[in-house]
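Chain by chain, the residues run as shown.
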Amino acid sequence: MQHLKSHFKFTRKQRKGIFLLLCLIILLQVAFFFGAPLVFNSEIKGGSENQKQLDKVIQEIDSLKLLEIENRKPKVIPFNPNFISDYKGASLGMSNLEIDRLHHFRKQNQWVYSAKEFQQVTKISDSLLNSIAPYFKFPEWVTHPKPKANATAYYHTQKTFAQKDDLNTATAKQLQEVNGVGAYYSEQILRYRNKFIGGFIDDVQLTDIPGLTPEVIKNITDRFTVKTPRIIKRLDINKAQIEELVTVQFIDYDLAYEIVEQRDLRGGYRSLDELTKVKGFPVNKLEIIKLYLLIEKENI
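Cut-offs and rules
Residues numbered from 1 in each chain as written. Predicted model: local features only at pLDDT ≥ 70, side-chain atom pairs only at ≥ 80, totals over all residues. Heavy atoms only, no water. Helix = DSSP H or I, 4+ residues; strand = E, 2+ residues; numbered from the N terminus. Buried < 20%, exposed > 50% of the residue type's maximum accessible area, 1.4 Å probe, protein only. Contact = heavy atoms within 4.5 Å. Phe/Tyr/Trp six-rings, centres within 6.5 Å; stacked < 30°, edge-to-face > 60°. Lys NZ or Arg CZ within 6 Å of the ring centre and 35° of its normal. Patch = residues over 30% accessible without salt bridge, like charges linked within 9 Å, V, L, I, M, F, W, Y side chains within 5 Å. Areas by Shrake-Rupley, 256 points an atom, 1.4 Å probe, with all protein chains shown as cover. Salt bridge = Lys/Arg side-chain N within 4 Å of Asp/Glu carboxyl O. Core = buried A, V, L, I, M, F, W, Y, C linked by side-chain atoms within 4.5 Å. pLDDT = per-residue confidence, 0-100. Lys, Arg positive; Asp, Glu negative; His and termini not counted. Polar contact = N/O pair within 3.5 Å; in protein donor to acceptor, adjacent residues only side chain to side chain.

A. How the structure looks around the overall build of the protein chain. Each helix and strand counted, the protein chain has 14 helices and four strands in total. Counting across all 300 residues of the protein chain, residues that qualify as buried make up 32%. Long-range pairs, those at least 24 residues apart, make up 61% of the contacts in the protein chain with a sequence separation of at least 6.

B. Fine view of the environment of R263. By the element assignment, R263 lies in helix α13 (residues 253-266). Put simply, R263 and N238 are 25 residues apart on the chain and 6.9 Å apart in space, counted from C-alpha to C-alpha. Once residues within four sequence positions are removed from consideration, R263 is found in contact with I237, N238, K239, A240, Q241, G268 and Y269.

C. Spatial organisation of the packing of aromatic side chains. One pass over the structure, following the stated rule, counts seven aromatic pairs. Look at Y184 and Y185: their rings are 5.0 Å apart centre to centre, the planes differ by 80°, and that puts the pair in the edge-to-face class. According to the relative accessible area criterion, Y185 is buried, its value standing at 9%. On the basis of an interplanar angle of 65° and a centroid distance of 5.6 Å, the ring pair of Y192 and F196 is categorised as edge-to-face. We note that Y192, like F196, is buried. Through a chain of ring-to-ring contacts, the aromatic side chains of F79, F118, F136 and F138 assemble into a single cluster. Above the ring of F79, the side-chain terminus of K88 is found at 4.5 Å from the ring centroid. If you follow K227 out to its NZ or CZ, it ends over the ring of F161, 5.5 Å from the centre.

D. Representation of a nonpolar patch on the surface in the model. Nonpolar side chains collect at one region of the surface, where I18, L21, L22, L24, I25 and L28 lie side by side and expose about 560 Å² of accessible area between them. Examined against the element boundaries, I18 turns out to sit in helix α2 (residues 12-72). Judged by relative accessible area, I18 falls into the partly exposed class, the value being 36%.

E. Seen up close, the nonpolar core. By size, the foremost hydrophobic cluster in this structure holds 24 residues, and its most contacted members are I237, L245, I251, I259, L275 and L293. Those elements that provide at least two residues to this core are α12 (242-245), α13 and α14 (286-289). For this core, the element with the most residues is α13, which contributes four residues. The residues touching L245, leaving out its near neighbours within four places in the chain, are L235, I237, A240, I251, A256, I259, V260 and L293. Core analysis: the second largest hydrophobic core is formed by 19 residues, A170, V178, Y185 and F224 among them.

F. Representation of unusual backbone geometry within the structure. In this model, K123 sits at a positive phi of 65°, which is unusual for a non-glycine residue. Mapping K123 onto the fold places it in the loop between α5 (115-122) and α6 (126-132). Backbone geometry at F250 places phi at a positive 80°, although glycine is not the residue there. Within the secondary structure layout, F250 lies in the loop between α12 and α13.

G. Here's a closer look at the confidence of the model for the protein chain. Residues with a pLDDT of 70 or more make up 81% of the protein chain, whose mean pLDDT is 83. For the protein chain, per-element mean pLDDT is lowest for helix α8 (residues 151-157), which scores 49, and highest for helix α9 (residues 172-175), which scores 95. In this model residues 151-156 is a low-confidence stretch, pLDDT under 50, and it forms two contacts with partners more than four residues away in sequence or in other chains.

H. Inspection of the side chain of R230 at higher detail. Tracing the sequence through the fold places R230 in the loop between β2 (224-225) and β3 (235-236). Although buried, R230 forms no salt bridge, and the nearest oppositely charged side chain, D208, lies 9.4 Å from it. Among the polar contacts listed, one links the side chain of R230 to the side chain of Y292, at a separation of 3.4 Å. Apart from residues no more than four positions distant in its own chain, R230 is found in contact with N168, F196, I197, G198, G199, F200, I201, Q205 and Y292.

I. Examining the pattern of salt bridges more closely. Taken as a whole and assessed by the stated rule, the structure comprises nine salt bridges. A salt bridge links E177 to R223; its shortest N-O distance comes to 2.7 Å. Of the two residues, E177 sits in the loop between α9 and α10 (183-194) while R223 sits in helix α11 (residues 214-223), which places them 46 residues apart along the sequence. One connected set of salt bridges, linked through shared partners, spans D165, E177 and R223.

In structure tokens form, the structure reads like this:
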């Protein structure tokens, strides 16, 4: 027992050393207890800040992706629905049947003047109409028509041939004063007139300008008429050769050949209207073609 007790006897110095060691151990334990959570919380806080920055970058990338997708979408430019082609109609979501209805309607020289009329003609759904109608662009005279004079006033102001202006000298500004003729159609009229040295032969040639409706043509001819027609030599349809006929507007070589062939079979034409029975003859251009032809009485 005395031997064992000797192991637990410490000198004064040793006791002080042990005491200091215990204090040090206690201080380290306290420091670890209170310091570890601070380090842990700092790590969490740092991780949270990094996550926020990462989320912000991801949001920016997503927004850029959406912008790129939007930019890649085909942009629809305002257009006149009367001139929708097969490709255009398909890209808008119209079926072949709906496109064919519109083309059949237009072949009858009829026009749609509103989104409602377009739907009546094509039979498209309300949802499709709502998506494409905002892009419809009708002529200015359709969307903002000028007030019409009453019938009595029109009757009293109707001009005679002498009072009308010459269509072959009319300016773009004068033409634009007519209801239904804006900057676009005045330019088309002048461009058509300038294709020929001497200009128009007759008012009927206005029907050959795309987009001019019978109503607008009537408005034009109420104020203008061809007073100085282009000088041309008219051909006798019963004597003209193929080489001469091909100089006539709308008559190409194949049609000229058919006209001569039919003439020989018929023993001559008695009326220019008989040309409509020739294979491939453009019936809707008959009145213009007549300007270049005649039938001499001695041949009838």
